Amino acid sequence: MKTIEKIRLFPVNLTWSPTLEDSKPKILITGIHDRENLPIPQWLSIFGAFLSSNPTDATFRIIMNKDNPVGLWINRPKELAQLDGIMQEWPHRETVGNHIHTVVQNLDTESSLNGFNYLALPKRSGMKKVLRTAAFFHDIGKIKDITDPKHPQHSADMAESYFKIMNFTPEEVWLCHFLIRHHDLIGKIVNRNDPTEINRLIDICHGFPTILQCLHTITIADISSIPELLNGVSYNIITDVNLAVKLAYEEIKRRNSKKMKRTVLIPDNIRLFPLSE
């Protein structure tokens, strides 16, 4: 693993000097805490500040690596760290916490957002922050019941209270809650034993290709973290996911070109995304 002695996230007095396109978080070090599970408000504040500095994917993975003694993962609050001990059922082989760690490490925000250069840089940075937050919180609702099919909704509702501490904008709150709430949707669509139809995906994206792309990014990180889904089914699930997203994207573009009325209303204050490319 890359040496990161200079990248420490738990100084006594921490000051951030944000930069949008820097590969290293700008942290002024004045002292280091001993390793500990921080109180959740303090941890969330540091996590939010780190994400707002717009780190590269490589730096994000280092800071969120469970083997990094000065990173964020090892110092998670007890409320979140206890997920490491919660076993799951097939197709998962990891505990909830370890699965979340694998998803976070698999997440690729840079490649997924390359096609949206028409978005202003702050908006692309905001989307990266939301994607990383959604990946981290997407399964926390399983702390109540690992078999609950509504765990995406419960995870989203639990995480929503954290977004204010992380200084999310209203647009970022909406998108992060949306991504967590629907992170299983594309997987259901490509599951040949599930009745969920692709029109559901098309409708909930409200005509925004960027919303679809964010959901695609979370789905790939999630599914690619579960070897049983990659190797234990008779079809290529990643290929099917990509095909479903392609079909949904083409239909969204068709509806936008015809200025068709959206079937699901989007809140008036959501202006993070353009209607089309």
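How each quantity is defined
Residues numbered from 1 in each chain as written. Predicted model: local features only at pLDDT ≥ 70, side-chain atom pairs only at ≥ 80, totals over all residues. Heavy atoms only, no water. Axes fitted to C-alpha atoms, helices over the stretch in contact; angles between N-to-C directions. Helix = DSSP H or I, 4+ residues; strand = E, 2+ residues; numbered from the N terminus. Left-handed = near helix turned anticlockwise from the far one by under 90°. Contact = heavy atoms within 4.5 Å. Nonpolar A, V, L, I, M, F, W, Y, C, P; charged D, E, K, R; others polar. 1 Å grid on protein atoms, 1.4 Å probe; cavity = no way out; pocket = protein on both sides within 12 Å on 5 of 7 lines; lining within 4 Å. Points joined across faces, edges and corners; volume = space filled by probe spheres on them. Phe/Tyr/Trp six-rings, centres within 6.5 Å; stacked < 30°, edge-to-face > 60°. Buried < 20%, exposed > 50% of the residue type's maximum accessible area, 1.4 Å probe, protein only.

(A) Spotlight on the packing of helix H6 (residues 121-137) against helix H11 (residues 209-223). Where H6 meets H11, the closest approach of the two axes is 10 Å, and the angle between their N-to-C directions is 40 degrees. Considering the relative orientation of H6 and H11, their crossing is right-handed. For the pair H6 and H11, the contacting residues are Met-127, Leu-131, Ala-134 and Ala-135 in the first and Thr-210, Cys-214, Thr-217 and Ile-218 in the second. Its residues assigned to classes, the contact of H6 with H11 comprises six nonpolar, two polar and no charged.

(B) Structural context of empty space enclosed by the protein. Within this structure, the stated rule accounts for one cavity of 30 Å³ or more. Residue lining of the largest cavity: Trp-73, Arg-76, Leu-80, Leu-83, Ile-100, Phe-136 and Ile-140, and that is the complete set. Taken together, the residues of the lining of the largest cavity sort by class into six nonpolar, no polar and one charged.

(C) Expanded view of the packing of aromatic side chains. One pass over the full model with this rule turns up nine aromatic pairs. An angle of 25 degrees between the planes, with centres 5.3 Å apart, marks the rings of Trp-43 and Phe-136 as stacked. Here Phe-136 lies in helix H6 and Trp-43 lies in helix H1 (residues 40-52), a separation of 93 residues in the sequence. As far as burial versus exposure is concerned, Trp-43 and Phe-136 are alike and both buried. Ring centres 5.2 Å apart and planes at 20 degrees place the aromatic pair Trp-174 and Phe-178 in the stacked group. Taken together, the residues Trp-174 and Phe-178, both in helix H8 (residues 170-181) and four residues apart, mark about one turn of the helix. Phe-178 carries the same exposure label as Trp-174, and that label is buried. Clustering of aromatic rings is evident, with ring pairs tying together Trp-43, Phe-47, Trp-73, Phe-136, Phe-137 and Tyr-162.

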